[in-house]
Amino acid sequence: NAGTITVSDTTGTPLGNGSLGSNVTVNTGAVLSIAQRYGSYSGTIILNGGQITVPTGASFTRLYSPIVLTANSTFHASSGGGGITGMTSNTINLNTHTLTCTGAGVGHLGIISGTGSIVISNGAARNFSGNNTYTGGTIINGNVVALHGNAFGTGTITVNASGTLNMNGFVITNTIVNNGGTIIP
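Each value, and the rule that gives it
- Residues numbered from 1 in each chain as written.
- Predicted model: local features only at pLDDT ≥ 70, side-chain atom pairs only at ≥ 80, totals over all residues.
- Heavy atoms only, no water.
- Helix = DSSP H or I, 4+ residues; strand = E, 2+ residues; numbered from the N terminus.
- Buried < 20%, exposed > 50% of the residue type's maximum accessible area, 1.4 Å probe, protein only.
- Pairing = 2+ DSSP bridges.
- Core = buried A, V, L, I, M, F, W, Y, C linked by side-chain atoms within 4.5 Å.
- Contact = heavy atoms within 4.5 Å.
- pLDDT = per-residue confidence, 0-100.
- Polar contact = N/O pair within 3.5 Å; in protein donor to acceptor, adjacent residues only side chain to side chain.

Re unusual backbone geometry
Positive phi outside glycine occurs at Asn95, with the angle close to 55 degrees. Looking at the secondary structure, you find Asn95 in the loop between strand 9 (91–93) and strand 10 (98–103). Positive phi, close to 55 degrees, is recorded for Asn168, a residue that is not glycine. For Asn168, the location among the structural elements is in the loop between strand 18 (164–166) and strand 19 (176–179).

Pasting the structure below:
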C-alpha cells in the first residue's frame with residue numbers, strides 16, 4: 001500500500017496492517033497509536049508536531065520505519081503499556097527539532113541524528129542506545145540509562161533536579177551539567 005497517510009486525529013489513529021509500506025505524516029496535536037507487537041511498517045513516519053504513543057496495555061517492540069521530525073514532537077508510552085523499545089533498526093532524524101519522551105518506557109530509539117535535541121520528561125524511563133550523532137543536547141527530567149558510550153550524540157547533557165542519569169559504566173565524553181539531579185557512574 002504505497003502512498004501517504006496523514007494523521008490529524010487527536011484521539012489516536014492506529015497504525016495497522018493497512019499502512020504497510022505507506023508514509024505516515026502525524027500533524028500537530030495528532031496522535032499515532034501503535035498497539036501491535038512486531039509491526040513491520042516500512043514507510044517513513046514524519047512527525048510534524050504530532051505524537052507516537054503506545055496505549056495502556058499494549059506492547060510495541062519493533063519499528064523499522066525511519067522517523068523524520070519536521071516540528072517538535074513526542075514519543076509517549078502510557079502507564080501499563082509495554083513501551084516503545086527495540087527500535088534499533090530504524091533511524092530518527094531530529095533535523096533542528098526537539099523530541100520529547102514521556103510516559104512509562106521509551107527506549108532504544110535507534111540511530112538519532114540531526115541538530116535537534118531530546119527531552120526526557122518527569123516520570124519517563126529511557127534507555128539510550130546506539131552510536132547517535134545528534135548535536136542539540138539532552139535534557140533529563142526523568143530516568144535515563146546509557147547503553148552505549150555515544151548514546152547521547154555530541155551535545156551537552158543536562159540533568160535537572162527530577163532527573164537521573166545512569167552512565168551504566170560507560171565513558172561518556174559529552175559535557176554534563178548537573179542541575180540538582182542524580183548521576184550514577
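Some points on the pairing of strand 5 (residues 45–48)
The side chains of a regular strand alternate between the sheet's two faces. By the alternation rule, side chains of strand 5 split into Ile45 and Leu47, which are all buried, and Ile46 and Asn48, of which none is buried. As defined by bridge partners, strand 3 (residues 23–27) adjoins strand 5 across 4 bridges and the pair is classed as parallel. In the strand pairing of strand 5, Val24 is matched with Ile45. Inspection of the sheet shows strand 5 paired to strand 7 (residues 67–71) by 4 bridges, in the parallel sense. Within strand 7, the position partnered with Asn48 by the bridge is Ala71.

Details of the nonpolar core
Residues Leu47, Ile67, Leu94, Ile118, Phe128, Phe152 and Leu165 are the most contacted members of the largest nonpolar core, which totals 29 residues. Counting residues per element, the ones that place at least two in this core are strand 3, strand 5, strand 7, strand 10, strand 13 (117–120), strand 16 (143–146) and strand 17 (157–160). Non-local contacts of Ile118, meaning those with residues more than four positions away in its chain, are made with Leu94, Leu99, Cys101, Ile112, Phe128, Tyr134, Gly137, Thr138 and Ile139.

A look at the confidence of the model for the protein chain
Across the protein chain, pLDDT averages 77, with 66% of residues at or above 70. Of all secondary-structure elements in the protein chain, the lowest mean pLDDT belongs to strand 2 (residues 13–14), at 57, while strand 19 reaches the highest, 97.

Focus on the pairing of strand 13
Neither face of strand 13 is exposed, since Ser117 and Val119 on one face and Ile118 and Ile120 on the opposite face are all buried. Judged from the 4 bridges that link them, strand 10 and strand 13 form a sheet pairing that is parallel. Within the sheet, the bridge partner assigned to Thr100 lies in strand 13 and is Val119. Bridge count for strand 13 against strand 15 (residues 138–140) is 3 bridges, and the pairing is parallel. For Ile118, the partnering residue across the bridge sits in strand 15 and is Thr138.

Some details on the environment of Ser117
Considering the arrangement of structural elements, one finds Ser117 in strand 13. Under the relative-accessibility criterion, Ser117 is labelled buried at 15%. In sequence terms Ser117 and Asn72 are 45 residues apart; their C-alpha atoms lie 9.4 Å from each other. When residues no more than four places from it in sequence are discounted, the contact partners of Ser117 are Leu94, His97, Thr98, Leu99, Gly136 and Gly137. One polar contact links Ser117 to Thr98, side chain to side chain, over a distance of 3.0 Å.

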